[in-house]
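Letter by letter, the chains look like this.
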Amino acid sequence: MSGLTFRLTSAPVERLDLSQLTPKHVASIPLAEVLKLNVGTTKSALKVGDVFAVSGKPGDVITIEGSTDKLDFIGAHLDEGTVIVEGDAGVGAGRAMRGGRVDIRGDAGALLGSAISGGEIFVKGSAGAQVGGLTPGDKFGMTGGLIVIDGHAGDRAGDRMRRGTIYIRGKCGSYAGSRMVGGTIWTELGFGADPGMLLRRGTLIGPSVERLPPTFADSGRHDLVVLRILSRYMQQKLGARAPKPLPGIVRKYAGDLATVGKGEILLTS
Amino acid sequence: MKINGIEIDDTFAEAFGMAGTGVIVTADTMKWARIAAVTMSGFGTSVIGCGAEVGIDCELKPEETPDGRPGVRVLLFGFSPDSAAQQLKTRVGQCILTSPGSACYAGVQAEKRIGLGQGPRYFGDGFQTAKRLDKTRYWRVPVMDGEFVIEETTGIVTDAVGGGNLLILGNERAGLLEATEAVVDAIAKVPDTITPFPGGIVRSGSKVGSKYKGAIASTNDAFCPTLRGRVKSEVGPDTIAVLEVVIDGLSSKAVADAMRAGLKTILEVGASKGVTRVTAGNYGGKLGQHHYKLRELLP
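Residues numbered from 1 in each chain as written. Chains lettered and ligands numbered in written order. Predicted model: local features only at pLDDT ≥ 70, side-chain atom pairs only at ≥ 80, totals over all residues.

Asks: Quick one: what's the story with the overall build of chain B, residue by residue and with numbers?
Replies: Each helix and strand counted, chain B has five helices and 17 strands in total. For 299 residues, the compact-globule estimate of 2.2 N^0.38 gives 19 Å, and the C-alpha radius of gyration of chain B, at 21 Å, lies within 12% of that figure. Of all 299 residues assigned to chain B, the portion counted as buried reaches 47%. Long-range contacts, defined as pairs at least 24 residues apart, comprise 75% of the intrachain contacts of chain B with a sequence gap of at least 6. (Helix = DSSP H or I, 4+ residues; strand = E, 2+ residues; numbered from the N terminus. Rg over C-alpha atoms; globule rule 2.2 N^0.38 Å. Buried ≥ 20, exposed ≤ 12 C-beta atoms within 10 Å, placed from the backbone. Contact = placed C-beta atoms within 7 Å.)

Asks: Help me get a handle on the overall build of chain A, residues and values and all.
Replies: A tally of regular secondary structure across chain A gives four helices and 17 strands. Its C-alpha radius of gyration of 19 Å places chain A within 12% of the 18 Å reference for a compact globule of 269 residues. Overall size of chain A, expressed as C-alpha extent along the three principal axes, is 60 × 35 × 25 Å. Burial analysis of chain A (269 residues in total) assigns 54% to the buried set. Counting contacts in chain A only where the partners sit at least 6 residues apart, residues at least 24 apart contribute 41% of the total.

Asks: Give me the lowdown on helix 5 (residues 252-269) of chain B, citing residues and values where you can.
Replies: Across its 18 residues, helix 5 of chain B extends 26 Å between first and last C-alpha, which sits within 8% of the 26 Å expected from 1.5 Å per residue. Within helix 5 of chain B, the full set of buried residues consists of B:Ala254, B:Val255, B:Ala256, B:Asp257, B:Ala258, B:Met259, B:Ala261, B:Gly262, B:Leu263, B:Thr265 and B:Ile266. (Expected span 1.5 Å × (residues − 1).)

Asks: How would you explain the packing of helix 4 (residues 173-188) of chain B against helix 5 of chain B if you had to name every residue and give the values?
Replies: Residue and element names in this part refer to chain B. Following both chains from N to C, one finds helix 4 and helix 5 inclined at 145 degrees, their axes separated by 8 Å at the closest point. Our pair here, helix 4 against helix 5, has a crossing hand that is right-handed. Within the contact between the two elements, helix 4 uses Ala179, Ala182, Val183, Ala186 and Ile187 and helix 5 uses Ala258, Ala261, Gly262, Lys264, Thr265, Ile266 and Val269. Residue classes in the contact of helix 4 with helix 5 are distributed as nine nonpolar, two polar and one charged. (Axes fitted to C-alpha atoms, helices over the stretch in contact; angles between N-to-C directions. Left-handed = near helix turned anticlockwise from the far one by under 90°. Nonpolar A, V, L, I, M, F, W, Y, C, P; charged D, E, K, R; others polar.)

Asks: Tell me about the nonpolar core, and name the residues and values.
Replies: Counting residues in hydrophobic clusters, the biggest one holds 162 residues, and the most contacted among them are A:Ile74, B:Val25, B:Val74, B:Ile168 and B:Met259. Looking at which domains feed residues into this core, each of domain 1 (2-14 + 159-296) and domain 2 (18-157) of chain B supplies at least three. (Core = buried A, V, L, I, M, F, W, Y, C linked by C-beta atoms within 7 Å. Domains from an automatic or database assignment.)

Asks: Which residues make up the domain arrangement of chain B, and what values go with them?
Replies: All names here are of chain B. By the assigned domains, chain B splits into domain 1 (2-14 + 159-296) and domain 2 (18-157). On a C-alpha basis, the centres of domain 1 and domain 2 stand 30 Å from each other. Between domain 1 and domain 2, the residue contacts involve 15 residues of the former and 17 residues of the latter. Tallied by class, residues from the side of domain 1 that touches domain 2 come to nine nonpolar, three polar and three charged.

Asks: How would you explain the interface of chain A and chain B if you had to name every residue and give the values?
Replies: Between chain A and chain B, the contact holds 14 residues from the first and 13 residues from the second. Among the elements that take part in the side of chain A that touches chain B, helix 4 (residues 225-238) of chain A stands out by supplying seven residues, more than any other. Residues belonging to the side of chain A that touches chain B are distributed by class as follows: six nonpolar, two polar and six charged.

Asks: An account of unusual backbone geometry is needed here, citing residue identities and associated values.
Replies: Residue and element names in this part refer to chain A. The omega angle of the peptide bond from Gly255 to Asp256 is -5 degrees, so this bond is cis rather than trans. Even without a glycine there, the phi angle at His77 is positive, about 65 degrees. Among the secondary structure elements, His77 is positioned in the loop between strand 5 (71-72) and strand 6 (82-87). At Gln130, a residue that is not glycine, the phi angle is positive and equals roughly 60 degrees. Mapping Gln130 onto the fold places it in the loop between strand 8 (120-123) and strand 9 (143-149). Judged by the 29 C-beta atoms lying within 10 Å of it, Gln130 is buried.

Asks: Describe the pairing of strand 16 (residues 249-255) of chain A, listing the residues and the values that go with them.
Replies: Working note: regular strand, side chains alternate between the two faces of the sheet. Residue and element names in this part refer to chain A. Examined bridge by bridge, strand 15 (residues 217-223) and strand 16 share six bridges and lie antiparallel to one another. Note that in strand 16 the partner of Gly220 across the bridge is Lys252. Relative to strand 17 (residues 263-267), strand 16 runs antiparallel, the two sharing five bridges. Each bridged residue has a counterpart across the sheet, and for Lys252 the counterpart in strand 17 is Leu266. (Pairing = 2+ DSSP bridges.)

Asks: Quick one: what's the story with the environment of A:Lys237, residue by residue and with numbers?
Replies: Relative to the helices and strands, A:Lys237 resides in helix 4. Owing to 16 C-beta atoms within 10 Å, A:Lys237 belongs among the partly exposed residues under this scheme.

Asks: Which residues make up the confidence of the model for chain B, and what are the values?
Replies: The pLDDT averaged across chain B works out to 96; a share of 100% of its residues lies at or above 70. Both scores are given for the predicted complex: the pTM is 0.93, the ipTM 0.92. (pLDDT = per-residue confidence, 0-100.)

Asks: So, helix 4 of chain B: which residues are in play, and what are the values?
Replies: Between its first and last C-alpha, helix 4 of chain B extends 22 Å over 16 residues, near the 22 Å set by a 1.5 Å rise per residue. Packing partners of the buried residues in helix 4 of chain B comprise strand 11 (153-170), strand 12 (193-194), strand 15 (241-249), helix 5 and strand 16 (275-279) of chain B.

Asks: Lay out the packing of helix 1 (residues 30-41) of chain B against helix 3 (residues 81-96) of chain B with the relevant residues and their values.
Replies: All names here are of chain B. Running from amino to carboxyl end, helix 1 crosses helix 3 at an angle of 140 degrees, the nearest separation of the two axes being 9 Å. What the angle tells us is that helix 1 and helix 3 run oblique. The element helix 1 and its partner helix 3 pack so that their crossing is right-handed. Together, Ala36, Thr39 and Met40 of helix 1 and Arg91, Val92, Cys95 and Ile96 of helix 3 make up the contact between the two elements. The residue makeup of the contact of helix 1 with helix 3, split by class, is five nonpolar, one polar and one charged. (Parallel < 35°, antiparallel > 145°, perpendicular 65-115°, else oblique.)

Okay, structure coming up:
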């Protein structure tokens with residue numbers, strides 16, 4: 001693996017938009033042009049060279065060193081290669097990704113992986129609200145790919161999500177899977193209040209729910225083959241970091257019956 | 001040429017290009033995976049009469065299947081991808097969907113795909129849901145013992161081969177059957193192949209055509225020992241019976257490997273069981289695209 005390293009030289013005074021810093025893009029232009037790429041979000045029009053010391057050779061990886069939560073849209077629109085974030089990431093990291101990998105070694109802000117359709121995002125810390133969600137103008141939230149969060153996730157994870165998998169080792173906030181159309185959200189430590197509001201299809205998996213919406217029906221305890229497939233999929237994707245395989249028997253709550261009701265909340269304990 | 005007391009004819013097996021596909025059938029136990037697979041393979045001996053040639057390729061350990069349960073790989077061969085897809089749809093719908101605890105996955109990975117769960121999913125009457133993981137979509141169809149899970153598509157190859165064969169002649173019928181069973185067991189170990197006839201063995205080899213109008217095939221009189229003296233017989237005076245092993249494979253190499261394994265076995269065990277000669281069926285080389293010369297496949 002080779003690539004450029006962007007080391008933040010001082011704490012940014014404004015929010016920065018790093019959506020242009022993808023391995024493919026920075027490798028396609030001369031370094032002098034890379035230094036002139038606009039990352040500012042105010043009329044001061046900050047360039048890469050104003051805030052980052054750049055080293056290394058262009059390749060299939062870029063590394064952001066000294067990153068803070070003011071660095072937004074890291075790895076946005078990524079379709080190949082890897083973006084490593086040493087530190088925290090701001091809003092919209094991995095937004096609208098189609099492939100590749102974003103590896104955040106700290107916390108991530110809101111809208112992590114919003115409208116992502118492929119690729120993988122890993123967060124060592126926790127993530128803000130609306131993981132895999134959507135922003136105005138998007139038809140759906142996440143439509144593919146895998147997001148793994150080692151810490152906790154904020155409210156409304158998977159808002160209007162259609163496909164893909166979000167795995168949270170910690171706890172998931174309130175209103176997870178709101179307006180969800182498909183896909184899977186799996187938390188190891190449970191959901192906050194009212195998951196699956198207006199859930200059409202899709203699967204929420206966790207050991208507990210703080211408060212279950214009244215529009216979910218208890219369908220009983222079941223041994224679901226599809227959970228074996230999901231466990232195996234995670235094993236293939238994550239190897240040694242994969243979660244423990246899901247238990248054979250889960251309690252299924254079908255809903256949201258306020259809408260088509262083909263979704264499910266599966267409680268593992 | 002005689003090896004270990006068994007005559008090997010200087011001839012070849014003539015085989016045909018086919019479309020080949022497959023599924024992995026899993027269940028709670030190997031017993032039920034096997035039951036589903038055997039049921040699906042039923043009435044799947046000859047593509048001419050059955051619409052497809054179907055058989056079990058191998059059994060799979062839990063760690064080898066998509067859902068971590070015991071499984072069986074079933075291969076299905078047809079004249080064309082369309083006819084194979086139709087046969088697959090009806091066989092899966094009637095034999096796998098109905099079998100307790102079963103699930104069904106793609107058994108062939110190839111660029112060209114045909115529907116697998118695309119038909120059976122409608123059994124769910126609108127209650128079916130899909131789960132897509134990366135590029136693979138699984139259908140979950142509610143059934144009375146839980147859910148029937150089936151992958152949306154499976155792969156199909158159009159350079160598969162049907163009709164590799166060995167004709168084994170012997171002077172003792174029970175011994176010949178035992179020796180031929182050993183051949184089938186050896187071929188079963190060759191990946192990507194099946195022997196679609198009952199127990200892998202055909203006792204009614206056929207020739208093209210018949211004296212009767214409408215019959216496209218009839219008994220292979222030249223190899224019927226009881227007709228010796230009445231027809232231009234291919235069997236010698238010591239031959240009591242002839243058994244045939246027909247082999248289908250996902251590739252020409254697989255069929256050749258299977259024939260090689262079969263020949264090796266018959267040379268090892270045949271003589272003690274009364275096997276006197278091995279030959280192969282062909283149509284003069286004018287009909288089939290694939291020719292497997294016996295003497296080139298000897299161990």
